[in-house]
Amino acid sequence: MNIVAIIEARMLSTRLPGKVMHKVQGKTFLEHMIYRISRSVYVDSVCVATSIHESCDPIVDLCKYLNVGVYRGSEEDVLDRVVKAGKFSNADIIVELCGDNPLIDPDIIDQVCELYLNSGAEFCSNAIKRVHPIGMDVKVFSQSVIEEVEKLTNDPDDREHVSLYVYENPKRYNIVHLPLSLKEKYINHRLTLDTKEDEKLIKIIFDELYPVTKDFRLKDILTLFDNNLKLDFINSNIK
């Protein structure tokens, strides 16, 4: 089975436009994210699902430079974009990831993939019943399931949030959630990139950890928080 990590990324985000192409430690956030995903044991390839809007040309150029798959589709209909990116990539299984999450931990990707493969589930995630901080979100499902969903719903929310229809219909789909493995206090950390405050925090994390090892994991980030309690206040006001 071909397991493809599909990153949903575009340039016209409302709160922090162009964020995936902002830089830290000499690389764009998207490049960091692609590298981190590449450390996964289960993921066979990466494809960036971006928009046909001209603003996304830099994303396409970066993907070509990195020799990473890229598919351009609808700006608003992200479900259609991901379905077609999956077909483009010959995916059997999709690991759905958001470009807002440059700190994604490849070990967590592997945990969700392993649970998906061993459980016989049709959908597996660590983010619906949250067991990791926001920014570590992983959703795994088959290409056939998401193609079915694409035909079943025209609800704007379903079209924007790719797998929403699946996890809101647990009677139709066999859904399994990754079990809690962290202390509750760690789950409330905000590690996603959506605002200037988020970017400030993520840049601090990269500046502290990346020079030591570019393969740092969530456990290293949490240790950083434990050693500097002021970090959590940088973006704790963001909802």
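What you see is a predicted model; the values in this text were computed from it and never measured.

Caption draft 1: Quick peek at the overall build of the protein. Broken down by element type, the protein carries 10 helices and 9 strands. Relative to a compact globule of 239 residues, whose C-alpha radius of gyration would be 18 Å, the protein shows 17 Å and is just as compact. Based on the C-alpha atoms only, the size of the protein along its principal axes is roughly 50 × 40 × 30 Å. Taking all 239 residues of the protein together, the buried fraction comes to 56%. Sequence-distant contacts in the protein: of pairs separated by 6 or more residues, those separated by 24 or more amount to 70%. A distance of 3 Å separates the average location of the 30 positive side-chain charges in the protein from that of its 38 negative side-chain charges.

Caption draft 2: Seen up close, unusual backbone geometry. Even without being a glycine, Gln25 presents a positive backbone phi close to 50°. By secondary structure assignment, the location of Gln25 is in the loop between β2 (23–24) and β3 (27–28). Here Gln25 falls in the partly exposed class, since its relative accessible area comes to 35%. Unusually for a residue other than glycine, Asn67 sits at a positive phi of about 60°.

Caption draft 3: Looking closely at a negative patch on the surface. A surface patch of like charges, here negative, comprises Glu76, Asp155, Asp157, Glu160 and Glu168. Within the secondary structure layout, Glu168 lies in the loop between α7 (164–167) and β9 (175–177).

Caption draft 4: View of the pattern of salt bridges. Taken as a whole, this structure holds 17 salt bridges when the rule is applied. Put simply, Asp194 and Lys19 hold a salt bridge, and the shortest N to O gap is 3.1 Å. Taken as a pair, Asp194 in the loop between α8 (184–187) and α9 (196–209) and Lys19 in the loop between β1 (3–8) and β2 lie far apart in primary sequence, 175 residues in all. Per residue, the accessibility class of Asp194 equals that of Lys19, and both read buried. Salt-bridge contacts for Asp105 lead to Arg217; the nearest nitrogen and oxygen are separated by 3.6 Å. Placement of Asp105 in the loop between β6 (93–98) and α4 (106–119) and of Arg217 in the loop between α9 and α10 (218–227) is noted, with a sequence separation of 112 residues between them. Arg217 gets classed as buried once you look at its relative accessible area, which sits at 16%.

Caption draft 5: Focus on helix α2 (residues 57–66). Taken together, the buried positions of α2 are Ile59, Val60, Leu62 and Cys63. One side of α2 holds all its buried residues, which, seen down the axis, span an arc of 160°. Set apart from the buried face of α2 by more than 90 degrees, the exposed residues are Lys64 and Tyr65. Those residues of α2 hidden inside the fold are in contact with β3, α1 (29–38), β4 (45–51) and β5 (69–73). Just downstream of α2 lies Asn67, where phi reads positive at about 60°.

Caption draft 6: Fine view of the side chain of Arg159. Within the secondary structure, Arg159 is located in helix α6 (residues 156–160). For Arg159, the residues in contact, after removing those within four places along its chain, are Glu76, Asp77, Val78, Leu79, Asp80, Glu150, Thr153 and Asn154.

Caption draft 7: The arrangement of the nonpolar core in detail. Core analysis: the biggest nonpolar cluster contains 56 residues, and Ile37, Val95 and Ile205 have the highest contact counts within it. Each residue touching Ile205, except ones within four places of it in the same chain, is listed here: Leu103, Leu191, Tyr210, Phe216, Ile221, Leu224 and Phe225. If you look at the next biggest cluster of nonpolar residues, it comprises 22 residues, including Ile6, Leu79, Ile146 and Ile175.

Cut-off values and rules
Residues numbered from 1 in each chain as written. Predicted model: local features only at pLDDT ≥ 70, side-chain atom pairs only at ≥ 80, totals over all residues. Heavy atoms only, no water. Helix = DSSP H or I, 4+ residues; strand = E, 2+ residues; numbered from the N terminus. Rg over C-alpha atoms; globule rule 2.2 N^0.38 Å. Buried < 20%, exposed > 50% of the residue type's maximum accessible area, 1.4 Å probe, protein only. Contact = heavy atoms within 4.5 Å. Lys, Arg positive; Asp, Glu negative; His and termini not counted. Charge placed at Lys NZ, Arg CZ, Asp CG, Glu CD. Patch = residues over 30% accessible without salt bridge, like charges linked within 9 Å, V, L, I, M, F, W, Y side chains within 5 Å. Areas by Shrake-Rupley, 256 points an atom, 1.4 Å probe, with all protein chains shown as cover. Salt bridge = Lys/Arg side-chain N within 4 Å of Asp/Glu carboxyl O. Arc of directions from axis to C-beta. Core = buried A, V, L, I, M, F, W, Y, C linked by side-chain atoms within 4.5 Å.

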